[in-house]
Amino acid sequence: MTLGDNEVTQSVQASSGDRRVQVRRAALAGSIGTTIEWYDFFLYNTAAALVFPHLFFPASSSYAGVMQSFATYAVGFAARPIGAAIFGHWGDRLGRKATLIVTLLLMGLSSAVVGLLPGAATIGVAAPLILVLLRLVQGIAIGGEWSGSVLLAMEWGDQRRRGLLASFAQVGVPVGLVLGTGGMTLLSATLSPDAFASWGWRIPFLLSLVLVAIGLVIRLRILETPMFAAAVAAKRTSKAPVKDVVRHHWREILLSAGLRFSEQMPFYLFTSYVLVYVVHRPEFSKTFVLNAVLVGAAAELLLIPLFSQLSDRIGRKQVYLTGAVLTGIIAFPYFTVLTHSGHAMIFLAVIVSLVAHSMQYGPQAALIGESFPTHLRYGGAGLGYQLASVFAGGPAPLLATWLLHITGTPYSISIYIVASVVVTVLCVIALPDRSKANIDDVGVYAR
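An unreviewed UniProt entry lists the protein under the name MHS family MFS transporter, from Amycolatopsis echigonensis. Listed in UniProt under the heading Subcellular location (unreviewed entry), the comment for the protein reads: "Cell membrane".

Below you can see the structure in the form of structure tokens.
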């Protein structure tokens, strides 16, 4: 599949009315596409904390079962940079639209198969092995999805509103979290524990197929972005875009990965590890913690666009650094509340943690995307974004479980969070601020 001359012409010469329609469609496609991708991903996160330890690792102790479940969870993160490289190549060769259709199908189908997978009691060691394989496929799909969804809206819209437009793809994360966590919450609250553990948890995974069908219909109606179409028309595309972006923009890739540390690593502690940590206190149920995460995610639906729009006005880096510092400030109080406080304070702590996340996650899409030229942007943004997954997001629940086990204090996890903030602050300061630059001009990336 290649980007045809007709579509190039349509994208480049779109009238103002057609452009407005395409901007709306691109924003909707970006948000719905990432919603589906992250719905599937967060279903797995929640199941990894609540169901998978005894279903796929029944012979292990409680501690070992959680460690094995989160290790399988981390495999998906390790696969993300691979997906970013694979789909980054095709996204900068064939275009954003075609590549995003493939990633959507991969994620949805692999998620549905997880919902059909028998446990270890039925097929033995094959169960966790197949689970790991499916997690790899999910990670590869996620690795290719993010940058395409961001660029679809960012490259169609008004450059003065890049932060807001790019954030529509980011909104897919809390929406996916609301749907995925909400589905699990509803089922765990309405079904008996035995019914939920045996078949109830599978229903949301199978519903992925319905969401994929909706996403495909929307994405097939979008034209290629005018920025990429113009690059094709001018014959400015690269034959080896991933190789070229690593060679010429390795610094931006590494800084993009580093700036994500205080956003991504704490986020998976605040939304996944918290499910394991809090329910160790007998007075707290799984449903209570899931509800707290659900409300926090719902708040992000408003906060992500709000902080993204603010970044268009005062600059990406200012908003981002504020969110990073706030994450460091709450690191120790957060675990004090989770360890010693009652229901109301824990509920509030979960919500506040996701406010700090929104301040970073909203402006992040444009901050990373505008750091690369159009013909290398899919691969460059994807590699920078997903490389952090290997060192920040993926190991986070695993390392948190290990730190608590060997130190006996949750404040070792707080130190871990503060260390991530230091990395982020240094990387954000070092990254050039292009929030007001014309990113369709190759001269802005000249060294």
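(A) Focus on the packing of aromatic side chains. In the structure shown here, the tally under the stated rule is 10 aromatic pairs. Where phenylalanine 267 meets tyrosine 268, the ring centres are 5.3 Å apart and the plane angle is 75 degrees; that geometry is what we call edge-to-face. Residues phenylalanine 267 and tyrosine 268 agree in their burial class; the two are buried. Taking the centre distance of 5.9 Å and the plane angle of 50 degrees together, the rings of phenylalanine 288 and phenylalanine 347 count as tilted. Taken together, the positions of phenylalanine 288 in helix H15 (residues 286–314) and phenylalanine 347 in helix H17 (residues 343–369) put the pair 59 residues apart, joining distant regions of the chain. Judged by relative accessible area, phenylalanine 288 falls into the buried class, the value being 14%. Taken together through their ring pairs, the aromatic side chains of Phe270, Tyr273, Tyr277, Tyr334 and Phe335 make up a single cluster.

(B) Geometry of the nonpolar core. In this structure, Phe52, Trp201 and Val274 are the most contacted members of the largest nonpolar core, which totals 110 residues. Counting five residues, the second largest nonpolar core, distinct from the first, contains Ile36, Ile101, Leu104 and Leu216.

(C) How the structure looks around the packing of helix H5 (residues 96–116) against helix H11 (residues 208–219). Across the interface, H5 lies against H11 with an axial gap of 9 Å and an inter-helix angle of 170 degrees. Taken together, the axes of H5 and H11 are roughly antiparallel relative to one another. Each of Lys97, Leu100, Ile101, Thr103, Leu104, Leu105, Gly108, Leu109, Ser111 and Ala112 in H5 lies in contact with H11, whose residues at this interface are Ser208, Leu209, Val212, Gly215, Leu216 and Arg219. Tallied by class, residues from the contact of H5 with H11 come to nine nonpolar, five polar and two charged.

(D) Geometry of the environment of valine 421. Looking at the secondary structure, you find valine 421 in helix H20 (residues 411–430). The spatial distance from the C-alpha of valine 421 to the C-alpha of alanine 26 is 33 Å, given a sequence separation of 395 residues.

(E) The arrangement of the environment of leucine 326 in detail. Looking at the element boundaries, leucine 326 is found in helix H16 (residues 316–340). Judged by relative accessible area, leucine 326 falls into the partly exposed class, the value being 26%. With 33 residues separating them in the primary sequence, leucine 326 and methionine 359 have C-alpha atoms 9.2 Å apart. Each residue touching leucine 326, except ones within four places of it in the same chain, is listed here: Ala356 and Met359.

(F) Up close: helix H9 (residues 193–200). Listed as buried for H9 are Ala195, Phe196 and Gly200. Projected down its long axis, H9 carries its buried residues within an arc of 100 degrees, all on one side. Along H9, the residues that are exposed and aim more than 90 degrees away from the buried face are Pro193 and Asp194. Close packing links the buried residues of H9 with helix H8 (162–190) and helix H10 (202–206).

Basis of the calculations
- Positions within a chain are numbered from 1, following the residues in the order the chain's sequence is written.
- The predicted nature of this model means local features are confined to residues of pLDDT at least 70 and side-chain atom pairs, given and counted, to a pLDDT of 80 or more, with totals for whole chains, interfaces and linings taken over all residues.
- The basis for every side-chain value is the complete set of non-hydrogen atoms in the structure, without hydrogens or water.
- UniProt positions are given in the numbering used here, feature names are shortened, and annotations may be inferred rather than shown by experiment.
- Between rings of Phe, Tyr and Trp, where Trp is taken as its six-membered ring, a pair exists when centres lie within 6.5 Å; planes separated by under 30 degrees are stacked, by over 60 edge-to-face, and by other angles tilted.
- Categorising residues by exposure relies on relative accessible area from a 1.4 Å probe, with only protein chains included: less than 20% of the type maximum marks a residue as buried, more than 50% marks it as exposed, and the intermediate range marks it as partly exposed.
- Each helix corresponds to a stretch of at least 4 residues labelled H or I by DSSP, and each strand to a stretch of at least 2 residues labelled E; elements are numbered beginning at the N terminus.
- We call a set of buried residues a nonpolar core when its members are Ala, Val, Leu, Ile, Met, Phe, Trp, Tyr or Cys and they connect through side-chain atoms within 4.5 Å of each other.
- Lines fitted to C-alpha atoms define the axes here, with helix axes fitted over just the stretch in contact, and angles between the N-to-C directions of these axes take values from 0 to 180 degrees.
- Oblique is the label for every angle not falling under 35 degrees (roughly parallel), over 145 degrees (roughly antiparallel), or within 65 to 115 degrees (roughly perpendicular).
- Contacts are residue-level and defined by heavy atoms, with any inter-residue pair within 4.5 Å sufficient.
- Throughout, the ten residues Ala, Val, Leu, Ile, Met, Phe, Trp, Tyr, Cys and Pro are labelled nonpolar, Asp, Glu, Lys and Arg are labelled charged, and all others, Gly among them, are labelled polar.
- For this quantity, the arc is that covered by the directions from the helix axis to the C-beta atoms.

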